[in-house]
Amino acid sequence: MPRARITGTGSALPGKIVTNADLERMVETSDEWITTRTGIKERRIAVEGEFTSTFAVQAARRALEMAGIGPDELDLIILGTVTPDFPFPATACIIQHEIGAHNAAAFDLSAACSGFLYGLSIADNYIRGGLKKKALVIGAEVLSRIVDWSDRNTCILFGDGSGAAVLEATEGDSGILSTHIFSNGSFWETLYQPGCGSRNPGSCGRTIDERLFYIRMEGNDVFKHAVRAMEEAAFAALNANDLSASDISLFIPHQANRRIIDATGKRLGLGEDRVFVNLHHYGNTSSASIPIALDEANRAGRLKAGDIALLDAFGGGFTWGSALLRW
Ligand code: COA
């Protein structure tokens, strides 16, 4: 049976940096509070004329370049996002057009911060099943457009950007060993965007008056569930492959909060040297966070042939999941 291997990674971020000091001037907060509660120091924010597809296209081109394949060789494009360019058509179709991937089927999927891992799981299964040979999985967000910049509980957390990975069918030992995805919809109201869907359309006055187009979050609830769920997903991956945490060369978790990452790393018994962290630079970029981190780790030479890497995500829905890779 073929296996899917990641042969290229890419990422792209806005040039504009918003620091904690900048936020101190916008809401009642402090660099000290944000740093100790989240670990975030700055985030990248899209400017006018930059959209989710802007960064996704750049990340996709970089991933294709590293893989050394042309866009028309792709037969599948999956974009995880909660901030598409438009409700429809799928932003993945816009990306397909922009990069010239004329032979690919393209669609978006909505799994919040787990979007990239959900996409990886789908692409992996298409490739294992022999139905597709070369896939592009992207996570991309412009969360700054759905963040309430007057709400200190949420505006300090999020950032914009994109990461992408090219997957190719291989008969070798390296590649994606397993993926696991989970959901629990009973918590859908814990982290969501109330407005701009069919319940509260963007066109209705209530959506504007009650600021329903912004992210709503019960931070404490999200925090508790995130640690438990990420531990569950990590052990699902290890158990399915008869491996233990000591086999992990690099743990690449979703970058939401330094305390969530540290607590999960601790439950796995991993030292800091085996945990990849870049959220101090980018904040929580939702579906983009894991592929940006994967690309940075890859380009920094932190993934060597044969290394075991564990990707682990949690997000709104709730959704969560993991992917275990042999590099
Ligand atoms: N600056 C200063 N004070 C702030 C603040 C800010 N930016 N945001 C909240 N506070 C205040 C609160 O108002 C509260 O004050 P009070 O005690 O007077 O009511 C106090 O800080 C503590 O708030 P609390 O919500 O209990 O803090 P916390 O330790 O839970 O940290 C989060 C808040 C949001 C950082 C934390 O819950 C978190 O990271 N949750 C997960 C969020 C997440 O990752 N979401 C995406 C998942 S994919």
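Only a predicted model underlies this, so the values are computations on that prediction, with no experimental measurement involved.

K.L.:
Sorry if this is basic, but what is going on with the site of the ligand here?
P.N.:
With respect to spatial proximity, 23 residues lie near the ligand, and among them Thr29, Arg37, Arg152, Asn220 and Asn257 are the closest. Backbone polar atom of Arg152 to a nitrogen atom of the ligand: 2.9 Å apart, as the coordinates give it. When isolated, the ligand has an accessible area of 960 Å², and the protein chains bury 75% of it. Among the secondary structure elements, those contributing two or more residues to the shell around the ligand are helix H2 (31–38), helix H6 (152–155), helix H8 (219–240), helix H9 (258–268) and strand E12 (308–315). At four residues, H8 tops the list of elements feeding residues into the shell around the ligand. Tallied by class, the residues present in the shell around the ligand amount to ten nonpolar, nine polar and four charged. A domain split of the shell around the ligand shows at least three residues from each of domain 1 (3–172) and domain 2 (177–326).

K.L.:
In this structure, what is going on with the state of the cysteines? I would like to understand it.
P.N.:
Covalent bonding between the sulfur atoms of two cysteines defines a disulfide. Using the criterion set out here, one finds zero disulfides in the structure. In this structure Cys113 is a free cysteine whose sulfur lies 16 Å from that of Cys155, the closest cysteine sulfur available. Residue classification places Cys113 among the buried residues on the basis of a relative accessible area of 8%. For Cys196, which is in no disulfide, the shortest distance to another cysteine sulfur is to Cys204 and amounts to 8.9 Å.

K.L.:
Quick question: what am I supposed to make of the sheet that holds strand E4 (residues 76–80) here?
P.N.:
Sheet strands associate in pairs through backbone hydrogen bonding, adopting either a parallel or an antiparallel arrangement. The five strands lie next to each other as E1-E7-E6-E4-E5, forming an open sheet whose pairing is mixed. With one partner strand each, in any of the chains shown, strand E1 (3–12) and strand E5 (105–109) form the two edges of the open sheet. Each strand of the sheet is rotated relative to its neighbour by a mean of 20 degrees, with strand direction disregarded. Relative to strand E6 (residues 134–142), E4 runs parallel, the two sharing five bridges. Paired with Ile78 across the bridge in E6 is Val137.

K.L.:
Just to check I follow, could you spell out the pairing of E4 for this structure?
P.N.:
A regular strand carries its side chains on alternate faces of the sheet. Taken across its five residues, E4 has five buried, putting it largely inside the fold. Burial along E4 is two-sided: Leu76, Ile78 and Gly80 facing one way and Ile77 and Leu79 facing the other are all buried. Summarising the sheet, E4 and E5 pair through five bridges and their orientation is parallel. Bridging from a neighbouring strand, Ile77 pairs with Ala106 of E5. Taking the sense of rotation as the criterion, the β-α-β connection linking E4, helix H4 (residues 91–99) and E5 turns out right-handed.

About the cut-offs
- Residues numbered from 1 in each chain as written.
- Predicted model: local features only at pLDDT ≥ 70, side-chain atom pairs only at ≥ 80, totals over all residues.
- Heavy atoms only, no water.
- Near = heavy atom within 4 Å.
- Polar contact = N/O pair within 3.5 Å; in protein donor to acceptor, adjacent residues only side chain to side chain.
- Areas by Shrake-Rupley, 256 points an atom, 1.4 Å probe, with all protein chains shown as cover.
- Helix = DSSP H or I, 4+ residues; strand = E, 2+ residues; numbered from the N terminus.
- Nonpolar A, V, L, I, M, F, W, Y, C, P; charged D, E, K, R; others polar.
- Domains from an automatic or database assignment.
- Disulfide = S-S within 2.5 Å.
- Buried < 20%, exposed > 50% of the residue type's maximum accessible area, 1.4 Å probe, protein only.
- Pairing = 2+ DSSP bridges.
- Axes fitted to C-alpha atoms, helices over the stretch in contact; angles between N-to-C directions.
- Right-handed = clockwise from strand over helix to strand, strands pointing away.

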